[in-house]
Amino acid sequence: MKTDFLIVGSGIAGLSLAIKLSELGRVTIITKKQKAESNTNYAQGGIASVFGSDDTYDLHIQDTLDCGAGLCHLDAVEKIVTEGPVRIKELMELGVNFSKDHGHISLGKEGGHSRNRILHSKDLTGKEIERALLHKVASISRIKVYEYYFAIDLLTPRNLKRKKSKEKNICYGIYAYNVNSNKVEKIVSNYTILASGGLGQVYTHTTNPAIATGDGFAIGYRGGCDIANMEFVQFHPTALYENKEVHDSQVFLISEAVRGAGAILKNRDGKEFMHKYDKRKSLAPRDIVARAIDAEMKKRGDTNVFLDMRHIDKKEILNHFPNIYKHCLKIGIDVTKQMVPVVPAAHYSCGGIKTDLHGKTNVKNLFACGEVTMTGVHGANRLASNSLLEAVVFSNSISEYFKKNYKKDKKENLTKLYSDILSWNSKGTVNTEEWILISHNKKEIKEIMSDYVGIVRNTIRLQRANRRILMMKDEIREFYKKTKVSVELLELRNLVTVAALIIESAMKRKESRGLHYMLDYPMRDDKYFSKDTIITKQIKNN
Ligand code: SIN
């Protein structure tokens, strides 16, 4: 395949970018599952923006900076906050139905926000945005969506038949595994954009779907991208606790908007505890709430805490949270009469591929957008519901860049480039019958990350995790070289890579800050005095 723009991922970032780029050229989207399966689809709470009469840009900026604990980049934060309302109006024009109260947009509240500013579509906001974007994409003939195409690695100069490129750090497209034909194809492009979502599956319990195996982070890293701030993995404080084996680690989220509507965290005895940790109690920023829950559970030897929403008007629950109400009822919990058991679960990566304000990476012709990036917006802890906002603002920014530069940029002759690139070489590889190695390795990675690189860390735990993960990385690399590709193998290779990146970043940060809480260092909250942790991949190690 040859295309002007190749987008990896079909969440809010990839789809909204595709719609805009289709004005300039042919857009190809590849996605490893069905197109609607993305992290976006599971976003319940909503999208934060200044729409309230009592709200201002300054307040939203300040809340984002406070939450980010001294690591946000002010220019990136100002950008998402000030451009947010226009981008959200564009979503409405595309047909996204945000919930209304008496004819006005309904604005919910979430942890760390000083004002009500969460636009939502009941408690299925991501699904509604995804629906509207997919509908629009289907009407644009210049956009082609290929499902069940798994991006393996960037096409770079080392994949050229004759190694004659003057540029070392450049991307020509992607090798992708076509799951249906069981073949690896090369897709060459003028520009490639990684919009491939998150990495929650590196932990045992996560709110992310099974697809969130950190593919884009790993592909970017192997392709020469600078990666930053991977130590900041956000744990959502309130995932539903079900005393059962979970399939592929995904647990059901109880949106923070429920606490915004007045729900209160309590222990097994029905006693409140958040006042001991923060004056904002159950609505403190997520890092504080998740740590407090972790501490309470450890102190009491409990498996979970509870969320009490029995005092909230039933009409409000049915109207704002119908999905949560139905899901809990299905498993025997009537949230209007019973407390809901909850635990923290891995939710969002604040770090990722480092980009500038136009989504550009340090690899030529490669851009990135959405959760896979580190744009500077989230710092050491993401403010709730800022991520969908970041995705729409930065996808617009990438399209603005191309509107200015696409015509004048020197582009490759794609037909020639296609013939210059080596076809995928699977010589010497065999179909594995050792599935047990893959599934066991996957479980082991999740357990190591959850036990040693979770909400509470220390140097000894990180060192132990590092030794184990690096050993597994070597083993998996050897296994990969000898084995025909499959989705399971590719995901395992990416999971171990992102696990190693998280640990490397965590070991470099010798302080407690935001989501990175180290028992051997005091918590720092000096607002503007920290530096990103950047891992620079040398292209020669590719
Ligand atoms: C939630 O609904 O609690 C999740 C929203 C977010 O992570 O921004």
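Residues numbered from 1 in each chain as written. Predicted model: local features only at pLDDT ≥ 70, side-chain atom pairs only at ≥ 80, totals over all residues. Heavy atoms only, no water.

Student: Help me understand the overall build of the chain, please; the structure alone is not making it clear to me.
Tutor: Along the backbone of the chain there are 14 helices and 24 strands. In terms of overall dimensions, the chain is globule-like: its C-alpha atoms have a radius of gyration of 22 Å, near the 24 Å expected for 542 residues. Counting the 542 residues in the chain, one finds 61% classified as buried. Taking all contacts inside the chain whose residues are at least 6 apart in sequence as the whole, residues at least 24 apart take part in 75%. Counting 84 positive and 63 negative side-chain charges, the chain places the centres of these two groups 5 Å from one another. (Helix = DSSP H or I, 4+ residues; strand = E, 2+ residues; numbered from the N terminus. Rg over C-alpha atoms; globule rule 2.2 N^0.38 Å. Buried < 20%, exposed > 50% of the residue type's maximum accessible area, 1.4 Å probe, protein only. Contact = heavy atoms within 4.5 Å. Lys, Arg positive; Asp, Glu negative; His and termini not counted. Charge placed at Lys NZ, Arg CZ, Asp CG, Glu CD.)

Student: Before we go on, may I ask you to explain the site of the ligand in this structure?
Tutor: Inspection of the region around the ligand gives Gln 44, Gly 45, Glu 110, His 236, Leu 253, Ser 255, Glu 256, Arg 286, His 347, Arg 382, Ala 384 and Ser 385 as its neighbouring residues. Within the backbone of Gly 45, one N or O atom sits 2.8 Å away from an oxygen atom of the ligand. The contact in question runs from an oxygen atom of the ligand to an N or O atom on the side chain of Arg 286, over 2.9 Å. Summarising the interface, the protein chains cover 95% of the accessible area of the ligand, which totals 250 Å² for the free molecule. When grouped by side-chain class, the residues that make up the shell around the ligand number two nonpolar, six polar and four charged. (Near = heavy atom within 4 Å. Polar contact = N/O pair within 3.5 Å; in protein donor to acceptor, adjacent residues only side chain to side chain. Areas by Shrake-Rupley, 256 points an atom, 1.4 Å probe, with all protein chains shown as cover. Nonpolar A, V, L, I, M, F, W, Y, C, P; charged D, E, K, R; others polar.)

Student: Before we go on, may I ask you to explain the pairing of strand β11 (residues 183–194) in this structure?
Tutor: Successive residues of a regular strand alternate their side chains across the two faces of the sheet. Taken across its twelve residues, β11 has ten buried, putting it largely inside the fold. Across six bridges, strand β1 (residues 2–8) lies against β11 in parallel orientation. Looking at β11, one finds that Val 8 is bridged to Leu 194. In this structure, strand β10 (residues 173–178) lies alongside β11, joined through six bridges in antiparallel fashion. Residue Gly 173 lies in a different strand from β11, and its bridge partner there is Val 188. Counted along the chain from β10 to the antiparallel partner β11, the turn is four residues long, and its residue Asn 182 has a positive phi close to 60°. Bridge analysis of β11 against strand β18 (residues 366–368) gives three bridges, and the strand direction is parallel. Bridging across to β18, Thr 192 finds its partner in Leu 366. (Pairing = 2+ DSSP bridges.)

Student: Help me out: how do you make sense of the nonpolar core in this one?
Tutor: One recurring pattern in soluble globular proteins is that nonpolar side chains are buried together. Core analysis: the biggest nonpolar cluster contains 72 residues, and Val 202 and Ile 445 have the highest contact counts within it. Sequence-distant contacts of Ile 445, that is, excluding residues within four places in its chain, are made with Val 202, Ile 469, Met 472, Ile 476, Leu 492, Leu 495, Val 496 and Ala 499. One finds Ala 76, Ala 195, Phe 394 and Tyr 401 within the second-largest nonpolar core, a separate group that totals 49 residues. (Core = buried A, V, L, I, M, F, W, Y, C linked by side-chain atoms within 4.5 Å.)

Student: Teacher, can you tell me more about helix α3 (residues 74–93) here?
Tutor: Because each turn of an α-helix spans 3.6 residues, side chains separated by three or four positions in sequence point in the same direction. End to end, α3 covers 29 Å across 20 residues, agreeing with the expected 28 Å (1.5 Å per residue, within 8%). The principal kink in α3, of about 50°, is found at Gly 84, preceding the proline Pro 85 by one to four residues. Taken residue by residue, α3 has Ala 76, Val 77, Lys 79, Ile 80, Val 81, Gly 84, Pro 85, Arg 87, Ile 88 and Leu 91 as its buried positions. For α3, the elements touching its buried residues are α1 (12–21), β3 (47–48), α2 (57–67), β7 (118–119), α4 (125–138) and α10 (387–405). Once α3 finishes, Gly 95 follows within two positions and takes phi at roughly 110°, a positive value. (Expected span 1.5 Å × (residues − 1). Bend = angle between axes of the 7 residues up to and from the residue.)

Student: Mind showing me how you'd approach unusual backbone geometry here?
Tutor: Backbone geometry follows two general trends: most residues other than glycine have a negative phi, and most peptide bonds adopt the trans configuration. Non-glycine residue His 102 carries a positive phi angle of around 45°. The residue His 102 is located in the loop between β4 (100–101) and β5 (104–105) in this model. Taking relative accessible area as the criterion, His 102 reaches 82% and is therefore assigned exposed.

Student: So what exactly am I meant to see when it comes to the pattern of salt bridges here?
Tutor: According to the stated counting rule, one finds 37 salt bridges in the structure shown. With its nearest N and O atoms 3.7 Å apart, the salt bridge here joins Lys 403 to Glu 400. With Lys 403 and Glu 400 both in helix α10 and three residues apart, this pair spans about one turn of that helix. We note a salt bridge from Glu 511 to Arg 509, for which the minimum N-O separation is 2.4 Å. Across the pair, exposure class does not vary: Glu 511 and Arg 509 are buried alike. Within the structure, one salt-bridge network assembled from shared partners comprises Lys 20, Lys 79, Glu 83, Arg 87 and Glu 90. (Salt bridge = Lys/Arg side-chain N within 4 Å of Asp/Glu carboxyl O.)

Student: I would appreciate a short explanation of the side chain of Thr 213 in the present structure.
Tutor: Summarising the element assignment, Thr 213 is placed in the loop between β11 and α5 (215–222). Overall, Thr 213 belongs to the buried group, its relative accessible area being 1%. Contacts of Thr 213, omitting those with residues within four sequence positions, involve Lys 32, Gly 198, Leu 199, Gln 201, Glu 491, Asn 494 and Leu 495.

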